[in-house]
Amino acid sequence: MRGSRFCFGVCATLALAWGAIGCGGDDEAPVQLSFTARVGAAPFACGTVYPGVGTTAANVSVEDFRMFISNVRTLDAAGGEHPVKLVADQKWQSETVALLDFENASGPCGELGTPETNASIRGMKDGAKIAGVRFSLGVPEGEAHQNVGLAKAPLNLGSMFWGWQAGYKFLRVDFSSTGDDPAVPPTQWLVHIGSTGCQSAAATVAPTTACARSNRAEITLLGWDPSKMIVVDLAALLNASNVLLNTVATAPGCMSDASDPECQQVLAGLGLDASSGQCAGACSAQKFFRVE
Amino acid sequence: MKAASLTVALVVGSCCTLLACGEHRTSTFTWSLPPGFPVPAVPADNPMTNEKVQLGRRLFYDGRLSGNETQSCASCHKQELAFSDGMPAATGSTGQMTPRGSMALVNVAYNGTQTWANPALLLLEQQIPIPIFGERPVELGATGNEPQILARYMADVSYPRQFAQAFPDDPAPVSFANITKALAAFLRTLISGNSAFDRYTYQNDKTAMSASALRGLELFFTERLECFHCHGGFNFSSSTTQADAAFTERAFHNNGLYNIGGAGSYPPGNRGVFEITGVREDMGKFRAPTLRNIALTAPYMHDGSLATLDDVLDFYAAGGRVIESGPLAGDGRANPFKSRFVPGFVLTTEERADLMAFLQSLTDTSFVQNPSFAKPL
């Protein structure tokens, strides 16, 4: 009894001391990035068939829709970057990386999906007035190639993991497409974006040097503030793609292979240069994210 | 100063824990996990103890658990076959056939769901009563024989003490609830992580895998073969959980084994998750089992309808199975509910040998020979 009261007193004192040290200034405040997934103008849901997608106006049914976001920064009016410290919650985000998950494992999302969903990122910001936001679509290099079984949440998620060598899928959107002819079976498209050209002794050995093509899109959204929604639009990403076509002997859709014809438009839609895996002109041509 | 306060707090904390526990009646259980393996999830109402594990091990091998005392769990889960039984489907204690094969008991502590195809069976504690009590089909056949079965344990010279030691807070410890808990505790210790692949990947033994097996490993992880989408992660299964799991990964897949009448159907009574949910899209969906020790667990698929690993490679290369005639006729490759990860592929003779060498490298001899998992003396 006396022991536990003593415990409580010590812990409370330590907590107060820790709080004072941890805050790092008076101007730190919570900030939330809210996202919403759409296919064109329509809200995204597993099981809905969306018409008019891509260059052939295909009908698309989505089977997976998840992505990792890291290196979140708010932008001030002068374009200065102010890092957002993510609040680790042992599920959706660590201090460094957050998972956005728009699928809920229902209907066609059931094969690999999870019932849980998440459409926001929570962090702490400094006192600067917000005039925009910038973040990286991907897992930081230092965390991208590890044992998924021992990784901390949200990176302990097998369905977003390729393997030690290639690391995590930064973006995963699986879907099937049909045209107007019901006799033609659906075309399977898998958009799995991650690093490529990763060198190591085997698929289950992590590389010790950076992968040749990072494929981490740097997304800048000017005019964003926490009152505004960040729209993630699959139809906009696929606007220049023919999703009824898969080049023979390449992955279905785009699995980040710079030599796959289907990857040219998809990577461009993320603002990336396919051959280098780097942003083409600050990734400013990306079509996937917009502010509303 | 602060450090000193913290030390005091920790010491006091430890004292509190000791006092709260009262006398130590069960020993502390320590996982002996292979390198690279996470701590398995254990339900709060059935914590691991050595006493429970040892009781569960004894029960697992003891025929007294079946109504007619002819079968034990081990009758269909043999250690030398990675706790499978080598049969396409199992025969219960009264001679009835199960519709599906006995699953290997390899790393079941990490299964996102148990058995072949039931999204609601999350825990071993939920699964174990099925072979004990099930009536359609009868497996161990305990139903209707419950008092007699418990009486066998109570009349034994050492079981009552063993139950009491495993469940010290239970005034009537010889019960089916405790039998289930003890069996679950034992099954959670059946962890395999010392194959040639593990020694190469996690134990830094770069000589453990042959050049051929390493080429097979590369093939396994390509988007051309797509194996790893359903057999990924440390346990080579898309249905995997662990103590600190943040998400519910309980995948099920239709791999194109059947397509009766072209409408996607599987044989009645064996239609996968559809049997549970009644949802059309769940037709033919089964859990992807771990590939660890897969070379020991023939025949393959839920109904044992593929005899060898060679047959399995042919099957996935074809992107499904065509059955030309008879009541099961249909082109499984065109099953409308087939997984998007079974498109088919072409292998050269050498690639095929490499892939086979990789699958063989997942055999863990120390697991099938581990005396801690064998019948107690």
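Residues numbered from 1 in each chain as written. Chains lettered and ligands numbered in written order. Predicted model: local features only at pLDDT ≥ 70, side-chain atom pairs only at ≥ 80, totals over all residues.

Colleague: Which residues make up the overall build of chain B, and what are the values?
Modeller: The helix and strand inventory of chain B stands at 14 helices and two strands. Relative to the compact-globule value of 21 Å for 377 residues, chain B shows a C-alpha radius of gyration of 23 Å, a close match. Relative to its 377 residues, chain B shows a buried fraction of 47%. (Helix = DSSP H or I, 4+ residues; strand = E, 2+ residues; numbered from the N terminus. Rg over C-alpha atoms; globule rule 2.2 N^0.38 Å. Buried ≥ 20, exposed ≤ 12 C-beta atoms within 10 Å, placed from the backbone.)

Colleague: Please provide a residue-by-residue account of the overall build of chain A, values included.
Modeller: Within chain A, the regular secondary structure consists of three helices and 17 strands. Its C-alpha atoms give chain A a radius of gyration of 21 Å, near enough to 19 Å, the size a compact globule of 292 residues would have. Its C-alpha atoms put chain A at 75 × 45 × 35 Å along the principal axes. Classification of the 292 residues of chain A by burial places 46% in the buried group. In chain A, once contacts between residues fewer than 6 apart in sequence are set aside, the share between residues at least 24 apart is 68%. (Contact = placed C-beta atoms within 7 Å.)

Colleague: Any details on the nonpolar core? Residues and values, ideally.
Modeller: Within the largest apolar cluster, 138 residues are counted, with the highest numbers of intra-cluster contacts made by A:Ile69, A:Tyr168 and B:Leu183. Counting residues per element, this core draws most heavily on strand β4 (residues 58-75) of chain A, at nine residues. Here A:Ile69 is in contact with A:Ala98, A:Leu100, A:Ile121, A:Phe135 and A:Leu137, once residues within four sequence places are set aside. (Core = buried A, V, L, I, M, F, W, Y, C linked by C-beta atoms within 7 Å.)

Colleague: For the pairing of strand β13 (residues 187-193) of chain A, give the residues involved together with the corresponding values.
Modeller: Residues and elements named next belong to chain A. Counting buried residues along β13, six of its seven residues qualify, which places the element largely inside the surrounding structure. Taken together, the seven bridges between strand β12 (residues 171-178) and β13 define a ladder with antiparallel strand orientation. Residue pairing for β13: Val173 is matched across the bridge by Val191. The pairing of β13 with strand β16 (residues 253-254) spans two bridges and is parallel. Across the sheet, residue Val191 finds its bridge partner in β16, namely Cys254. (Pairing = 2+ DSSP bridges.)

Colleague: Give a detailed account of the packing of helix α2 (residues 50-60) of chain B against helix α6 (residues 159-166) of chain B, specifying residues and quantitative values.
Modeller: Residues and elements named next belong to chain B. Axis separation between α2 and α6 bottoms out at 8 Å; the angle between their running directions is 140°. Crossing handedness for the pair α2 and α6: left-handed. Of the residues in α6, those in contact with Glu51, Lys52 and Leu55 of α2 are Gln162, Phe163, Gln165 and Ala166. (Axes fitted to C-alpha atoms, helices over the stretch in contact; angles between N-to-C directions. Left-handed = near helix turned anticlockwise from the far one by under 90°.)

Colleague: Tell me what's going on with helix α13 (residues 349-360) of chain B, and back it up with residues and numbers.
Modeller: All names here are of chain B. Relative to the 16 Å expected for 12 residues at 1.5 Å per residue, α13 spans 17 Å between its end C-alpha atoms, a close match to the ideal helical length. Every buried residue belonging to α13 is among Asp354, Leu355, Phe358, Leu359 and Gln360, and all of these are buried. In the core, the buried residues of α13 are packed alongside α9 (211-220) and α12 (309-318). (Expected span 1.5 Å × (residues − 1).)

Colleague: Tell me about the confidence of the model for chain A, and name the residues and values.
Modeller: The pLDDT averaged across chain A works out to 91; a share of 91% of its residues lies at or above 70. Taken as a whole, residues 1-26 of chain A scores under 50 in pLDDT and shows 17 contacts with residues more than four places along the chain or in a different chain. (pLDDT = per-residue confidence, 0-100.)

Colleague: Requested: an account of the packing of α9(B) against α13(B), with residues and values cited.
Modeller: A pair of packed helices can be characterised by two numbers: the angle between their axes and the separation between those axes. All names here are of chain B. Interhelical geometry of α9 versus α13 gives an angle of 95° and a closest axis separation of 7 Å. Taken together, α9 and α13 sit at an angle that is classed as roughly perpendicular. Each of Ser212, Ala213, Arg215, Gly216, Leu217, Leu219 and Phe220 in α9 lies in contact with α13, whose residues at this interface are Glu351, Ala353, Asp354, Leu355, Met356, Ala357 and Phe358. Here the residues of the contact of α9 with α13 sort into nine nonpolar, two polar and three charged. (Parallel < 35°, antiparallel > 145°, perpendicular 65-115°, else oblique. Nonpolar A, V, L, I, M, F, W, Y, C, P; charged D, E, K, R; others polar.)

Colleague: Lay out the environment of B:Met154 with the relevant residues and their values.
Modeller: Residue and element names in this part refer to chain B. Looking at where Met154 falls in the secondary structure, it is placed in helix α5 (residues 146-154). Met154 sits in the exposed class, given 11 other C-beta atoms within 10 Å. Leave out the neighbours within four places in its chain, and Met154 touches Pro160 and Val174.

Colleague: Residues and numbers for helix α3 (residues 261-269) of chain A, please.
Modeller: Residue and element names in this part refer to chain A. Of all the residues in α3, the buried ones are Glu262, Cys263, Gln265, Val266, Leu267 and Gly269. Those residues of α3 hidden inside the fold are in contact with β13, α2 (234-237) and β16. Just beyond α3, the residue with positive phi is Gly271, at close to 85°.

Colleague: Explain unusual backbone geometry residue by residue, including any values.
Modeller: Here the amide bond leading from A:Ala153 into A:Pro154 is cis, since omega sits at 5°, within 30 degrees of zero. Examined against the element boundaries, A:Pro154 turns out to sit in the loop between β9 (132-137) and β10 (161-163). In this chain, B:Ala298 is followed by B:Pro299 through a cis amide linkage whose omega measures -5°. Mapped onto the secondary structure, B:Pro299 falls in the loop between α11 (274-277) and α12. Positive phi values are uncommon outside glycine, yet A:Ala105 reaches one of about 70°. Non-glycine residue A:Ala249 carries a positive phi angle of around 65°.

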